[in-house]
Every structure is written in structure tokens, then in C-alpha cells.
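Below are the chains, spelled out letter by letter.
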Amino acid sequence: MKKCLILSLFTLLALILGASEGLSSANAQSRTDHICLGVGYMIENMMDATVALEHETKYHNSWEYFMSASVKYDDCSQCGHICNESLWNNYNTIGVGVAYKPCVSRGRNHHGNLRVGTSANLSSTKSLVAGIHTGYEHSYALRSGWNIYWQLKCDCMINGRDVIRGGVAVGVKLPCGK
């Protein structure tokens, strides 16, 4: 699982470097594709990181193709706090998915989207876990096409240890061309 997370970090770095070419040509709210980087906390002691490619269509509706990793942590039974052993040897998932995000609210330099999607994940128990994702995302446009966002999310994991998990996430969207 550690190797998968390290590989994910290298993939993230490659996506950021590839997106830097399109940073100067994008304008705010111009149907620009974005690379999204987000982190969050989910109920029941779970941290979540997501890297996504967002393809915006008309009226701020968008499709999101994402890769996410979740780490469930717990206090160590020996030392009484969170340590490497209790963090990495607990329940973890890594997966890919797609979400459709119809726009439900618009304003000057911000918009809100519902988020409905599905994913396929591999868990640390070596089982395939399917996910159904719902939630709300609100984005704020910055200069040069950059956006910041926050999400309220609820995931229903099929064949996983945690069936329903909900939480919040924050992140940044980097423009990567049209």
C-alpha cells in the first residue's frame, strides 16, 4: 500500500508539472479544464486525498475523473497515540472513478455543484470495493483560472469495512487548458 501511495504522489507531481504549461493562457470561468488537488477528513478517523481532472462543460456543469486514496487511522494499542504502525497497517483504499457535477447555484466568481459518481477501489484487505459518491462542491474563481473549493461528501462503499462515510474536503483547481 505504501508503494501505491508513493506512486500516486509521483503521478500527482507529473500532473502538476504538465498543468503548469496551461496556467498562463486560462481565464477565470471560461470552461477551462482543471487538475484538482484536494484533501479531507471523513468520519470514523479517515483522511482522504484526491487528484482529479475536471472537464467543465456549458453553464459550469462538469465531469470529473478522479483518483483517490483513503487512510483510516486509529490509536496504537501499545503506545496510545497514532504512530506509523497504527496509521499504515489499518484499513486503506486507493481507487479511480468518475463523477458528474451539475451546477445548482451561480454567482459572481463562484458556483456550486452537486456531485454524483462511482468508483472502483482496491483496499488493504486485498478486496475490490465499489463506491457510490454524492455530495456538494462549491468553487471560488481566482486570477489566471485558478479555483479553490470545498466539498461536503458522502460515500457508500460496497464490499468495504466502512459502508457509509461522510466528511469534508478542501482543495485547489489548477487550469490545464481548454
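Numbering of residues starts from 1 in every chain and runs along the sequence as written. For a predicted model such as this one, the threshold for reporting local features is a pLDDT of at least 70, and the threshold for listing and counting side-chain atom pairs is 80 or more; totals across whole chains, interfaces and linings nevertheless cover every residue. To obtain the side-chain values, all non-hydrogen atoms of the structure were used and water was disregarded.

## Focus: the confidence of the model for the protein chain
Logical step 1: Within a predicted model, pLDDT stands for the predictor's per-residue confidence, ranging from 0 to 100. Confidence in the prediction for the protein chain averages 82 pLDDT; 83% of positions are at 70 or higher.
Logical step 2: Confidence, read as mean pLDDT per element, is least for helix H1 (residues 2-19) in the protein chain (45) and greatest for strand E1 (residues 34-42) (96).
Logical step 3: This stretch, residues 1-28, has a pLDDT under 50; its non-local contacts, to residues over four places away or in other chains, come to 33 contacts. A helix here means a DSSP run of H or I that spans at least four residues, while a strand means a run of E at least two residues long, and both kinds are numbered starting from the N terminus. For this analysis, residues touch if any pair of their heavy atoms sits within 4.5 Å.

## Some thoughts on the pattern of salt bridges
Logical step 1: Note on definitions: salt bridges are taken to be side-chain nitrogens of Lys or Arg within 4 Å of carboxyl oxygens of Asp or Glu. This model, assessed by the stated rule, comprises 8 salt bridges.
Logical step 2: Glutamate 137 is the partner of lysine 101 in a salt bridge, and the nearest nitrogen-oxygen pair spans 3.1 Å. Residue lysine 101 is located in strand E4 (residues 92-101), and its partner glutamate 137 is located in strand E7 (residues 128-141); the two are separated by 36 residues in the primary sequence.
Logical step 3: The buried label goes to any residue with under 20% of its type's maximum accessible area, the exposed label to any with over 50%, and the partly exposed label to all in between, with areas taken from a 1.4 Å probe on protein chains only. Classification of lysine 101 as buried rests on a relative accessible area of 0%.
Logical step 4: Classification of glutamate 137 by relative accessible area gives buried; the value is 1%.
Logical step 5: Taking the shortest distance from any N to any O, the salt bridge between aspartate 155 and arginine 165 comes out at 3.7 Å. Residue aspartate 155 is found in strand E8 (residues 147-158), and its partner arginine 165 is found in strand E9 (residues 164-175); the two are separated by 10 residues along the sequence.
Logical step 6: Residue classification places arginine 165 among the buried positions, given a relative accessible area of 5%.

## Considerations on the side chain of histidine 138
Logical step 1: For histidine 138, the position within the fold is in strand E7.
Logical step 2: We classify histidine 138 as buried; its relative accessible area is 7%.
Logical step 3: Any pair of nitrogen or oxygen atoms within 3.5 Å is treated as a polar contact; in protein, a donor-acceptor pairing is required on top of that, and neighbouring residues in sequence qualify only through side-chain atoms on both sides. At 3.0 Å, the side chain of histidine 138 and the side chain of histidine 110 are in polar contact.
Logical step 4: Of note is the side chain of histidine 138, whose polar atom sits 2.7 Å from the side chain of tyrosine 136.
Logical step 5: The contact partners of histidine 138, leaving out residues within four places of it in the chain, are Ser105, His110, His111, Gly112, Ile148, Tyr149 and Trp150.

## Quick look at the pairing of strand E3 (residues 62-72)
Logical step 1: Across the 11 residues of E3, 8 count as buried, placing the element largely inside the fold.
Logical step 2: Strand pairing is assigned whenever DSSP identifies at least 2 bridges connecting the two strands. Examined bridge by bridge, strand E2 (residues 46-56) and E3 share 11 bridges and lie antiparallel to one another. Looking at the pairing, methionine 47 lines up with valine 71 of E3.

## Section: the environment of arginine 31
Logical step 1: Counting through the fold element by element, arginine 31 comes out in the loop between H1 and E1.
Logical step 2: A relative accessible area of 46% places arginine 31 in the partly exposed class.
Logical step 3: Considering only alpha carbons, one finds arginine 31 and glutamate 56, 25 residues apart in sequence, at a separation of 5.2 Å.
Logical step 4: Beyond its immediate sequence surroundings of up to four residues, arginine 31 is in contact with Glu56, Thr57 and Lys58.

## What to know about the pairing of E2
Logical step 1: Direction of pairing for E1 relative to E2: antiparallel, over a ladder of 9 bridges. Residue pairing in the sheet places isoleucine 35 in a bridge with leucine 53 of E2.
Logical step 2: Here E1 folds back onto E2 in antiparallel fashion, the turn holding 3 residues, of which glutamate 44 has a positive phi close to 75°.
Logical step 3: Between the antiparallel neighbours E2 and E3 lie 5 residues, among them tyrosine 59 with a positive phi of about 60°.

## Structural notes on the packing of aromatic side chains
Logical step 1: Here is the rule: rings of Phe, Tyr and Trp (six-membered ring for Trp) pair when centre to centre is within 6.5 Å. Planes less than 30 degrees apart are stacked, more than 60 are edge-to-face, and the remainder are tilted. For the coordinates displayed, the defined rule picks out 2 aromatic pairs.
Logical step 2: Ring centres of tryptophan 63 and tyrosine 100 lie 4.8 Å apart, and the angle between their planes is 50°; on these two criteria the pair is classed as tilted. Linking tryptophan 63 in strand E3 with tyrosine 100 in strand E4, this pair joins segments that are 37 residues apart in sequence.
Logical step 3: Given a relative accessible area of 35%, tryptophan 63 falls into the partly exposed group.
Logical step 4: Judged by its relative accessible area of 29%, tyrosine 100 falls in the partly exposed class.
Logical step 5: Considering the side-chain rings of tyrosine 136 and tryptophan 150, the 5.7 Å spacing of their centres and the 55° angle between planes classify their relative orientation as tilted. Residue tyrosine 136 is located in strand E7, and its partner tryptophan 150 is located in strand E8; the two are separated by 14 residues in the primary sequence.
Logical step 6: On the basis of relative accessible area, tyrosine 136 is assigned to the partly exposed category, the value being 21%.
Logical step 7: Only when the NZ of Lys or the CZ of Arg is both within 6 Å of the ring centre and within 35 degrees of the ring normal is a charge said to sit over the ring. Above the ring of phenylalanine 66, the side-chain terminus of arginine 115 is found at 5.0 Å from the ring centroid.
Logical step 8: The ring of tyrosine 149 carries lysine 173 above its face, with NZ or CZ at 5.5 Å from the centroid.

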